[in-house]
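Examining the three-dimensional arrangement
Single-letter residue listing:
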Amino acid sequence: MSQATAEHPEQLTEDDKKLVRQPLVLNQRTMGWISDYISSIVEGKTPAWWWVSMGITVPLTVLCVALLGYLISTGVGVWGNNHPVGWAWDITNFVFWIGIGHAGTLISAILFLTRQKWRTSINRAAEAMTLFAVVCAGIYPALHVGRVWMAWWLAPVPNANAIWQNFRSPLLWDVFAVSTYFTVSVLFWYTGLIPDLATLRDRCKTKIRKFVYGVLALGWRGGNRQWRHYEMAYLILAGLSTPLVLSVHSVVSFDFATSVVPGWHTTIFPPYFVAGAIFGGFAMVLTIMIPACAIYKPLHDLVTIDHVDKMCKIILLTGSIVGYAYLMELFIAWYGANPYERAAFWYRAFGPYWWAYWAMMFCNVVAPQLFWFKFFRTHLLWVWIIVQFPNAGMWFERFVIIATTLARDFMPSAWGMFHPTWVDVCTFVGTFGLFTTLFLLFIRFLPMICMFEVKAVLPEADPHHGEKH
Amino acid sequence: MEAAGNTSAPVYGVAAEFQSARDLYHAAEKIRDAGFSKWDVFSPFPIHGMDEAMGLKRSILGKVVFFGGLTGFLTAVTLEFGTSSFLYPLIVAGKPTNLYTVPAFFPIMFELTILLSAFTAVFGMLIMNGLPRLNHELFNWDRFKKVTEDKFFVAIESTDPKFSPRSVKDFLESLGGTNITTIHGD
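Here the structure is a predicted model, which is why all the values come from computation and not from measurement.

Regarding the overall build of chain A
- Tallying secondary structure elements over chain A gives 17 helices and 0 strands in all.
- For chain A, the C-alpha radius of gyration of 24 Å lies close to 23 Å, the compact-globule estimate for 469 residues.
- Overall, the C-alpha framework of chain A stretches about 80 × 55 × 40 Å when taken along its three principal axes.
- Classification of the 469 residues of chain A by burial places 46% in the buried group.

Re the overall build of chain B
- The secondary structure content of chain B amounts to 5 helices and 5 strands.
- The globule rule puts the C-alpha radius of gyration for 186 residues at 16 Å, and the 25 Å found for chain B is more than 25% above it.
- Sequence-distant contacts, at least 24 apart, represent 81% of the contacts inside chain B between residues at least 6 apart.

Observations regarding the interface of chain A and chain B
- Contact residues are listed per partner, giving 55 residues for chain A and 58 residues for chain B.
- Those elements giving two or more residues to the side of chain A that touches chain B turn out to be helix 3 (31-43), helix 7 (170-203), helix 9 (224-257) and helix 17 (451-456) of chain A.
- Ranked by residue count, the leading element in the side of chain A that touches chain B is helix 9 of chain A, at 16 residues.
- When grouped by side-chain class, the residues that make up the side of chain A that touches chain B number 28 nonpolar, 18 polar and 9 charged.

Description of the environment of Ile107 of chain A
Residues and elements named next belong to chain A.
- Mapped onto the elements, Ile107 comes out in helix 5 (residues 89-113).
- Separated by 17 residues in the primary sequence, Ile107 and Arg124 have C-alpha atoms spaced 9.2 Å apart.
- For Ile107, the contacting residues outside a window of four places in its chain are Arg119, Ile122, Asn123 and Ala126.

Things to note about the packing of helix 11 (residues 305-335) of chain A against helix 15 (residues 380-407) of chain A
All names here are of chain A.
- For the pair helix 11 and helix 15, the least separation of the axes is 12 Å and the interaxial angle reads 25 degrees. Here helix 11 lies roughly parallel to helix 15, going by the angle between them. For the pair helix 11 and helix 15, the sense of crossing is left-handed. Listed contacts from helix 15 to Val308, Cys312, Ile315 and Gly319 of helix 11 are Leu380, Val383, Val387 and Pro390.
- For the contact of helix 11 with helix 15, the per-class residue count stands at 7 nonpolar, 1 polar and no charged.

Notes on the domain arrangement of chain B
- Each assigned domain of chain B is listed with its residue range as follows: domain 1 (2-57 + 135-184) and domain 2 (61-128).
- Using C-alpha coordinates to define each centre, domain 1 of chain B is positioned 45 Å away from domain 2 of chain B.

Considering the sheet that holds strand 1 (residues 2-4) of chain B
Residue and element names in this part refer to chain B.
- Taking strand neighbours across the sheet as the criterion, the 5 strands line up as 1-5-2-4-3 in an open arrangement whose pairing is mixed. The open sheet has two edge strands with one neighbour each: strand 1 and strand 3 (39-42). Put simply, the sheet's adjacent strands are angled 25 degrees from each other on average, direction ignored.
- Relative to strand 4 (residues 152-157), strand 3 runs antiparallel, the two sharing 4 bridges. Bridge pairing links Val41 to Val154 in strand 4.
- Contacts from helix 1 (residues 21-33) reach strand 2 (11-18), strand 3 and strand 4, with the element oriented near 20 degrees to strand 4.

Considerations on the nonpolar core
- Of all hydrophobic cores here, the largest spans 180 residues; its most connected members are Ala133, Ala233, Phe282 and Val285 of chain A together with Phe153 and Val154 of chain B.
- Per-element tally for this core: the top contributor is helix 9 of chain A, with 16 residues.
- Looking at which domains feed residues into this core, each of domain 1 (2-57 + 135-184) and domain 2 (61-128) of chain B gives three or more.
- Once residues lying within four places of it in the same chain are set aside, the contact partners of Phe153 of chain B are Ala15, Ala16, Glu17, Phe18, Phe42, Phe144 and Val147 of chain B.

Some remarks on the confidence of the model for chain B
- With 99% of its residues at a pLDDT of at least 70, chain B reaches an overall mean of 89.
- Per-residue pLDDT, averaged within each element of chain B, yields its smallest value for strand 1 of chain B (83) and its largest for helix 4 (residues 106-128) of chain B (95).

Here we look at helix 7 of chain A
- Here helix 7 of chain A spans 49 Å end to end across 34 residues, near enough to the 50 Å set by a 1.5 Å rise per residue.
- Of all 34 residues in helix 7 of chain A, 25 are buried; the element is thus mostly enclosed.

A closer look at the packing of helix 3 of chain A against helix 7 of chain A
Residues and elements named next belong to chain A.
- Orientation of helix 3 relative to helix 7, taken along the N-to-C sense of each, is 75 degrees, at an axis distance of 11 Å. As judged from the angle between their axes, helix 3 and helix 7 are roughly perpendicular. Residues Ser35, Ser39, Val42 and Glu43 of helix 3 touch helix 7, and the partners they reach there are Thr199, Leu200 and Arg203.
- Split into classes, the residues belonging to the contact of helix 3 with helix 7 amount to 2 nonpolar, 3 polar and 2 charged.

Observations regarding the environment of Phe112 of chain A
All names here are of chain A.
- Within the fold, Phe112 resides in helix 5.
- For Phe112, a count of 24 C-beta atoms within 10 Å puts it in the buried group.
- The residues contacting Phe112, other than those within four sequence positions of it, are Arg119 and Ala238.

Here is what the cut-offs are and how they apply
- Residues numbered from 1 in each chain as written.
- Chains lettered and ligands numbered in written order.
- Predicted model: local features only at pLDDT ≥ 70, side-chain atom pairs only at ≥ 80, totals over all residues.
- Helix = DSSP H or I, 4+ residues; strand = E, 2+ residues; numbered from the N terminus.
- Rg over C-alpha atoms; globule rule 2.2 N^0.38 Å.
- Buried ≥ 20, exposed ≤ 12 C-beta atoms within 10 Å, placed from the backbone.
- Contact = placed C-beta atoms within 7 Å.
- Nonpolar A, V, L, I, M, F, W, Y, C, P; charged D, E, K, R; others polar.
- Axes fitted to C-alpha atoms, helices over the stretch in contact; angles between N-to-C directions.
- Parallel < 35°, antiparallel > 145°, perpendicular 65-115°, else oblique.
- Left-handed = near helix turned anticlockwise from the far one by under 90°.
- Domains from an automatic or database assignment.
- Pairing = 2+ DSSP bridges.
- Core = buried A, V, L, I, M, F, W, Y, C linked by C-beta atoms within 7 Å.
- pLDDT = per-residue confidence, 0-100.
- Expected span 1.5 Å × (residues − 1).

Here it is, written out as structure tokens:
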């Protein structure tokens, strides 16, 4: 539909009106307004709610750090991991957090490559969420090794015994995949921030701010000779991040899939893990963006109902893929006729951890089906309530895969149950504190919406705006 | 004509302000056609099609990144075969004794290719853009602060062979530029 018709709605029939694309930015906000408003969140006085929130999350972070200190000083036995469940809450939480990160990369990279312009108003916050989720994730495998001061043995440097790493091990693949993922996510995020940091630099009033944002903006001037390399770099990073994000969760799933444990040794794991990660990640994006926009109400002109609607549709799609994978796993367990595989899935659904399995099924497969209805996709409170199900469900999924499988493997004599300790529980709660604290700091000190990209999707950013075609 | 910076310092160039992406785009086409070489347009966001309007070629960053990626790939190959096949032979996978089996080495080859490509993309971009730097002559001009908000600028540098302050000023004025200013160094 041409711009001319969209600007003259009186000429449209009822059917045509449904086809007119909603503007990405509502209320005809100007470029100046975008800079002023987004920057004012960073420049204004620290609001009271921020201090209250920090008052809750900082003690939780301290709790997390203190318990990690307790674990390091005492030993990994303070967690409930024991034979036969040697991977327990720690690896569950690792996969949970790393999965959440994936939606950020999906929004920033895959939606960029597919030219989904609506991503511009949510990519910055989603990328920040990625980084903070990966920080929380990284804690677990690092501490899980037991003697954390030996963690450097994972790095490919020769040690005193002249022993080298096993590069054929999925666990080492994981080290490379996660550390590459974190590094590339930081680079991608920072590259996206440079022009916006320059905006903050140019608005600064105080000397300290001028210095800090001036250094961080790296001397950016916004010349087209800079933009052309910048855009190319951004495109390349998006192109690199897309296979990277798919590879990271595939490699995480290899940790399980390349073993011979019944219930883990399946080829469906990589795509199923990736779909689950995007599913859980989008739920987390909505979980934090809806309150952020409720606090900063004018943001609703940038993060519109249309955005929320689209994200809900992605949750519905990926949730259905996940549901399909669950059913396919069950089908193959039956059809494969391997008694151990059949038993593994029988115990998942009807064994001692049945409640986790059915919680997972309900949260991930049944609850998101509400998003078939437009009402539930467009009412923010409902959206926020419904996305809590995927958040919880994805945690249960990892718990089901890890704990129930290990608790019931080949020999009944080797069976056992896993019971989390208070340290397990409090450390996990503490990582939420860490995640939220980092996010609150991000909201306070960096522009949470990518200003230059939002300006670029305004109609007047088009160099032929207002000209006759 | 107004001046910015230390007026006894050498002239960096002459700059003008424009009010919209469209005006800037058409000004760029005319400056390109007039045959200037040391000039740039400045905007709060990348403007679609501006490279053609300025007569710039596609960025060569992609080609540079290819070599970055190749370096990453070869690093992984060397690291994996060097250690697992020679320095500390590990007889796992490809049994009984095929130490040169490849598939289990793929994930790390892939990850290091991505890692070094990404480093090359970011640092290559910064080097090509002459960043990071703490100061620039254009920052002496107060109005230029608006470039990261909602204003558009053109600057023609004094090192351009066709540069003379008077003619450049008249030229920019004829293109519709306002607040034309001579930019000096510090």
